[in-house]
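Descriptive structure summary
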2 protein chains.
Amino acid sequence: MEPMDVTGERLREDIEANAAFGALDVEGHGRTVLAGSEANRQARDYLVNRLEDAGLTVRVDPVGNIAGKWVPATADATAEPVATGSHLDSVPAGGIFDGPLGVFSGLEAVRSLQEQDISLSRPIEVVSFTEEEGTRFGPGLLGSSVAAGARPAHEALHRTDDEGITLETALTEIGYQGGGEIEVAEWDAWLELHVEQSERLEAADLPVGVVTDITGITHCNVTVIGEANHAGATPMGQRTDALAAASEFVLDVESGANDLVRSGSETAVGTVGLVEVSPNATNVVPGKVEIGLDIRAVDHGVMNALVSTAEKSLQRLETERGIETTFDREFDLEPVSMCTRVQTAATQAGDAAGVGTMSLHSGAAHDSMYVANVTDAGMLFARSKEGISHSPREWTDWADCEAATAVLAGAIAELATD
Amino acid sequence: MEPMDVTGERLREDIEANAAFGALDVEGHGRTVLAGSEANRQARDYLVNRLEDAGLTVRVDPVGNIAGKWVPATADATAEPVATGSHLDSVPAGGIFDGPLGVFSGLEAVRSLQEQDISLSRPIEVVSFTEEEGTRFGPGLLGSSVAAGARPAHEALHRTDDEGITLETALTEIGYQGGGEIEVAEWDAWLELHVEQSERLEAADLPVGVVTDITGITHCNVTVIGEANHAGATPMGQRTDALAAASEFVLDVESGANDLVRSGSETAVGTVGLVEVSPNATNVVPGKVEIGLDIRAVDHGVMNALVSTAEKSLQRLETERGIETTFDREFDLEPVSMCTRVQTAATQAGDAAGVGTMSLHSGAAHDSMYVANVTDAGMLFARSKEGISHSPREWTDWADCEAATAVLAGAIAELATD
């Protein structure tokens, strides 16, 4: 395998141009690009122009997913393509790499392949999925779920934002409710480059990671119901304090996750990230606490074990503290393994390019989860400064962007060569 | 001592008339009467009319406290008066007895004394203090703090509500920024009737309580600072979870209070009633938790011991969890004992009226705390259904209102007789 001659300057130009859409006047490099917004239209227009500049044929599907297709002169135009890409939408006040790095590195990989004398037998597609973050029309991974056949397009289109605007209306207004067809199942393989969002590559002093598994995620909504009472007039012995009970629950989840890590499931995490106390006044014993629980691991059995620990904690607290509880496992996305063939192509491309790589799992969800359910999928991670993401402080050095793009291009070349 | 012939019907008529001001169309008996509001003006006008109907001379002081003075024919008009009363303002969606019972029972006590052949040597004053609840212009006990000399009038008048309106402006608009003088220090004694707000009288099957002490209250604002991080990408071992630390703190406060109760300080209570988590998203490890802590006991040393327990908990958590914390003891109202002379008069009045009484402490703050710092003060409690207060579900049976008013009238007669 030959090292790919990607051009870091072109990639940087694209990412910086894209960063201007929805840019925030804050310290760092921030942008807010919600799906279907004006900033999202600008970013999409820029991408489409750049894809077409590079000779790709662009189509947009009903939920606004964008794909640009390049058929190399040596390729069979009807062969299943190798696809790469990510997303252009951001969380509010997000960073400039989370998503765009994967889209524009895909474009840069195509441009570099076009410039080199490589005999590719498959078309290459560069893809941008709609509403990966799920901020406006929730849930996340919305566009990829439709393209992978996991959700009907009309269901996604009828989802509404906080103001009651449907995704369909928003996409129509920005001109991206298309009639094209983007079917993940028709791809031969998929490889997405994304920022790592944690610190393992920094710790290992390596620029690029090859993802082995993407963690599963389950979210559970928990309600703890006690009795609101006057903080002064209610003796300690007569309280049913919903917050004290919820505090035990938080610690039970934490220790349950720690136990799983100690027994070898090092990807297991359990987080109570959201707590709403009612009535939430200093001088009132809390009567109700609503809790958002996030559980992840690369093994679904381990996830289920931690869910079970959480449920047992609530049962114990009902008995010991006289509270009532509800437990709703709102959604459950099973872990997925990345395809060995794609991982191997990525690792070999790193070796060929002289870019150090390591294997790691993804603790965050990505469009590649839905893609992996219907075709051979892989992911690359580029080193993130201090693991910061979803923040204007998110940063990946340009040299790391270039190195990761070189690995991406090499792996795509390998996958597209039968 | 003769039993007083109070008229429950007249008292009920006044409380029900007052309940119409700011009345809520909800189940139960609710009202919202914030200090200085239009509903508050209506309630004040009604009170002033009823005081004047009964021949009392009304004055209003600069912070809107109202006092009606009755000089019995047998009394020395220049003698220090015996005063009684409470407040007319409510919390949002409060009940109809909390405050008004004390004001209108004072008026009814005067009316019944006027109708009976008792030789009183002191004038009687019926008082309504401004902004007891502290909902609009905070802190609570505002009017009594001024009348008792603990706070300059201008400081109270310059306090603002959430819209920037000063108490002075609000009182001027409703016509209750007066020029009269109400000086608690010039009263010979004070006795306030209030609903109990807890269930001890119900448990003892007694209509009236004689308060021995009013609990001290301290509020502490606590901040726990950890590190916000991606719930998926941050392994358990690399977290500084502010909520997990805060959960330990909540439980340390609870067990610290329970320990004090077990060792004999049965009035000690410690409550974390308020918790604000940042960023408060299910998929983000909490970076910061702001906590409102309420500590009370009838012994200031016991309160300080629990504050110390809370501070030690934070020190331990800083060491064990790597969090940072801040601790601000925002205010500290020391406990006060009720005057023995006033308690005795109340207990004897109960015996004379054939009304069963018991001694108990107040776990809630009342205007009587400030009054007690400058004159002989006491409180009576009337039985509350299920101890519910600050709610449209607050209720005290009319028979209990009448019984408590009979005790109040008898005690006032005793205190006003040299």
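Residue positions within a chain follow its written sequence, with the count starting from 1. The order in which chains are written sets their letters, starting at A; the order in which ligands are written sets their numbers, starting at 1. Note on the predicted model: pLDDT of at least 70 is required for a residue's local features to be given, and 80 or more for side-chain atom pairs to be given and counted; whole-chain, interface and lining totals, by contrast, use all residues. Water and hydrogen atoms were dropped before computing side-chain values, which therefore reflect all heavy atoms in the structure.

1. Remarks on unusual backbone geometry
- Backbone torsion omega between S278 of chain A and P279 of chain A reads -5 degrees, so that peptide bond is classified as cis.
- Starting at the N terminus, helices and strands are each numbered in turn, a helix being any DSSP run of H or I of at least four residues and a strand any DSSP run of E of at least two. Topologically, P279 of chain A is positioned in the loop between β9 (269–278) and β10 (284–285).
- A cis amide bond, omega -10 degrees, links G138 of chain B with the succeeding residue P139 of chain B.
- Note on placement: P139 of chain B falls in the loop between β4 (124–129) and α4 (142–147).
- The backbone of Q197 of chain A shows a phi angle near 70 degrees, a positive value even though the residue is not glycine.
- Structurally, Q197 of chain A can be placed in the loop between β5 (189–195) and α7 (200–204).
- One non-glycine residue, H390 of chain A, lies in positive phi territory at about 55 degrees.
- One can find H390 of chain A in the loop between β15 (376–382) and α12 (398–415).

2. Description of the domain arrangement of chain A
Residue and element names in this part refer to chain A.
- Here chain A is described as being made up of domain 1 (8–214 + 336–415) and domain 2 (216–333).
- Each of domain 1 and domain 2 has a C-alpha centre, and these two points are 36 Å apart.
- Contacts are assigned to residue pairs that have any heavy atoms within 4.5 Å of one another. With nine residues of domain 1 at the interface, the matching set in domain 2 holds six residues.
- When domain 1 packs against domain 2, the two sides together hide about 520 Å² of surface, and 69% of this comes from carbon and sulfur.
- Salt bridge, as used here: a side-chain nitrogen of Lys or Arg that lies within 4 Å of a carboxyl oxygen of Asp or Glu. Between domain 1 and domain 2 we count zero salt bridges in total.
- We call two N or O atoms a polar contact when they sit within 3.5 Å, provided that within protein one can donate a hydrogen and the other can accept it, with sequence-adjacent residues counted only if both atoms are side-chain atoms. On inspection of domain 1 and its partner domain 2, the count reaches one residue pair in polar contact (both at pLDDT 80 or more).
- Broken down by secondary-structure element, the contributors of at least two residues to the side of domain 1 that touches domain 2 are β6 (208–214) and α11 (368–372). Boundaries of every domain are those given by an automatic assignment or by a domain database. Once two parts are brought into contact, the accessible area they lose, counted with a 1.4 Å probe and summed over both, makes up the buried area.

3. Observations regarding the packing of helix α8 (residues 242–262) of chain A against helix α8 (residues 242–262) of chain B
- Axis geometry follows a simple rule: fit a line to the C-alpha atoms, using only the stretch in contact for helices, then measure angles between N-to-C directions, giving values from 0 to 180 degrees. For the pair α8 of chain A and α8 of chain B, the least separation of the axes is 9 Å and the interaxial angle reads 135 degrees. By the angle between their directions, the pair α8 of chain A and α8 of chain B is classed as oblique. Of the two elements, α8 of chain A crosses α8 of chain B, and the hand of that crossing is left-handed. Of α8 of chain B, the residues touching α8 of chain A (which contributes L243, A244, S247, E248, V250, L251 and E254 of chain A) are L243, A244, S247, E248, V250, L251 and E254 of chain B.
- Note on residue classes: Ala, Val, Leu, Ile, Met, Phe, Trp, Tyr, Cys and Pro are nonpolar, Asp, Glu, Lys and Arg are charged, and everything else, Gly too, is polar. By residue class, the composition of the contact of α8 of chain A with α8 of chain B is eight nonpolar, two polar and four charged. Note on terminology: angles under 35 degrees are roughly parallel, angles over 145 are roughly antiparallel, angles of 65 to 115 are roughly perpendicular, and the others are oblique. It is the rotation of the near helix from the far one that decides the hand of a crossing: anticlockwise by less than a right angle makes it left-handed, clockwise makes it right-handed.

4. Quick notes on the pairing of strand β1 (residues 57–60) of chain B
All names here are of chain B.
- Each pair of strands is called paired provided DSSP finds at least two bridges between the two strands. Across four bridges, β1 lies against strand β2 (residues 66–70) in antiparallel orientation. Note that in β2 the partner of V58 across the bridge is G68.
- The antiparallel hairpin formed by β1 and β2 contains five residues in its connecting segment, where G64 sits at a positive phi of about 85 degrees.

5. Observations concerning the interface of chain B and chain A
- Contacts between chain B and chain A engage 48 residues on the former and 48 residues on the latter.
- At the boundary of chain B with chain A, total buried surface from both sides reaches about 3,700 Å², with 58% on carbon and sulfur atoms.
- Where chain B meets chain A, there are two salt bridges.
- Across the pair R321 of chain A and E254 of chain B runs a salt bridge, and its minimum N-O distance is 2.7 Å.
- For the pair chain B and chain A, the interface holds 10 residue pairs in polar contact (both at pLDDT 80 or more).

6. Description of the relation of the copies chain B and chain A
- The least-squares superposition of copies is restricted to C-alpha atoms, and to residues with a pLDDT of at least 70 in both copies. In the superposition of chain B on chain A (RMSD 0.1 Å, axial shift 0.1 Å), the rotation amounts to 180 degrees. Here the copies are linked by what is in effect a two-fold axis. By C-alpha distance to the rotation axis, the residue of chain B lying nearest is S247 of chain B, at 2.2 Å.
- A share of 100% of interface residues in chain B that are also interface residues in chain A marks the association as one of identical surfaces.

7. What about the sheet that holds strand β12 (residues 324–333) of chain A?
All names here are of chain A.
- Taken in spatial order, the four strands make up an open sheet running β9-β11-β7-β12, and their pairing is antiparallel. One side of each edge strand has no neighbouring strand; the edge strands of this open sheet are β9 and β12. On average, each strand axis in the sheet is tilted by 15 degrees relative to the strand beside it, whichever way the strands run.
- Where strand β7 (residues 216–225) meets strand β11 (residues 288–297), 10 bridges bridge the pair, whose relative direction is antiparallel.

8. Observations concerning a negative patch on the surface
All names here are of chain A.
- Note that patches include only residues with greater than 30% relative accessible area and no salt bridge, and the join distances are 9 Å for like charges and 5 Å for nonpolar side chains (Val, Leu, Ile, Met, Phe, Trp, Tyr). Here, Shrake-Rupley sampling with a 1.4 Å probe gives the accessible areas, and only protein chains in the shown set may cover a residue. Residues scored as charged are limited to Lys and Arg (positive) and Asp and Glu (negative), so that His and the chain ends carry no count. Every charge is mapped to an atom, namely NZ of Lys, CZ of Arg, CG of Asp or CD of Glu. Together, E80, E181, E183 and E186 make up a negatively charged patch on the protein surface.
- Here E181 is to be found in the loop between α6 (167–174) and β5.
- In this structure E181 comes out as exposed when scored by relative accessible area, which is 53%. A simple rule labels every residue: compare its accessible area, found with a 1.4 Å probe on the protein chains alone, to the largest value its type can have, and call it buried under 20%, exposed over 50%, or partly exposed in between.

9. A few points about the side chain of N40 of chain B
Residue and element names in this part refer to chain B.
- With respect to the helices and strands, N40 occurs in helix α2 (residues 38–53).
- In terms of polar contacts, N40 uses its side chain to reach the backbone amide nitrogen of G36, at 2.9 Å.
- Those residues in contact with N40 that sit more than four places away from it in its chain are V33, L34, A35, L88, D89 and I174.

10. Points about helix α1 (residues 8–19) of chain A
All names here are of chain A.
- Compared with an ideal rise of 1.5 Å per residue, which puts 12 residues at 16 Å, α1 spans 16 Å between its outermost C-alpha atoms and is within 8% of the ideal.
- Every buried residue of α1 is listed here: G8, L11, D14, I15, N18 and A19. All buried residues of α1 lie within an arc of 135 degrees about the axis, which places them on one face of the element.
- As for α1, its buried residues are in contact with α2 (38–53), α3 (100–115) and α12. The span expected for a helix works out to 1.5 Å for each residue beyond the first. Arc, as used here, means the arc of the directions from the helix axis to the C-beta atoms.

11. Quick look at the packing of aromatic side chains
- In this scheme Phe, Tyr and Trp rings, the latter by its six-membered ring, pair at centre separations within 6.5 Å, and the angle between planes marks the pair as stacked below 30 degrees, edge-to-face above 60, and tilted otherwise. All chains considered together, the criterion is met by 16 aromatic pairs over all chains.
- Pairing F97 of chain B with W395 of chain B gives two aromatic rings, centres 5.0 Å apart and planes at 85 degrees, and the pair type is edge-to-face. With F97 of chain B in the loop between β3 (82–87) and α3 (100–114) and W395 of chain B in the loop between β15 (376–382) and α12 (398–415), the pair connects residues that are 298 residues apart, well separated along the chain. Residue F97 of chain B shares its accessibility class with W395 of chain B, and that shared class is buried.
- The structure contains a cluster of three or more aromatic residues connected by ring pairs, namely F21, Y46 and F104 of chain A.

12. Examining the pattern of salt bridges
- On inspection of all chains with the given rule, the structure shows 60 salt bridges over all chains.
- Where D205 of chain A meets R383 of chain A, a salt bridge forms, and the shortest distance between an N and an O atom there is 3.4 Å. Residue D205 of chain A is found in the loop between α7 and β6, and its partner R383 of chain A is found in the loop between β15 and α12; the two are separated by 178 residues along the sequence.
- A relative accessible area of 18% means that R383 of chain A is categorised as buried.
- Between R10 of chain B and E108 of chain B there is a salt bridge, and its shortest N-O distance comes to 2.8 Å. Of this pair, R10 of chain B sits in helix α1 (residues 8–19) while E108 of chain B sits in helix α3, and the two are 98 residues apart along the sequence.
- Through salt bridges that share partners, R10, E13, D14, R50, D53, E108, R111 and E115 of chain A make up one connected network.

13. Structural notes on the environment of T218 of chain B
All names here are of chain B.
- Positionally, T218 belongs in strand β7 (residues 216–225).
- Leaving out residues up to four positions away in the same chain, T218 has contacts with L293, D294, I295, M303, V307, R329, F331 and D332.
- A polar atom in the side chain of T218 sits 2.9 Å from the side chain of R329.
- A polar atom in the side chain of T218 sits 2.7 Å from the backbone oxygen of F331.

14. Here we look at the sheet that holds β7 of chain B
Residues and elements named next belong to chain B.
- Read across the open sheet, the four strands follow the order β9-β11-β7-β12; overall the sheet is antiparallel. Both outer strands of the open sheet, β9 (269–278) and β12 (324–333), are each paired with one neighbouring strand and no more. Recorded for the sheet is a direction-independent mean angle of 15 degrees between the axes of neighbouring strands.

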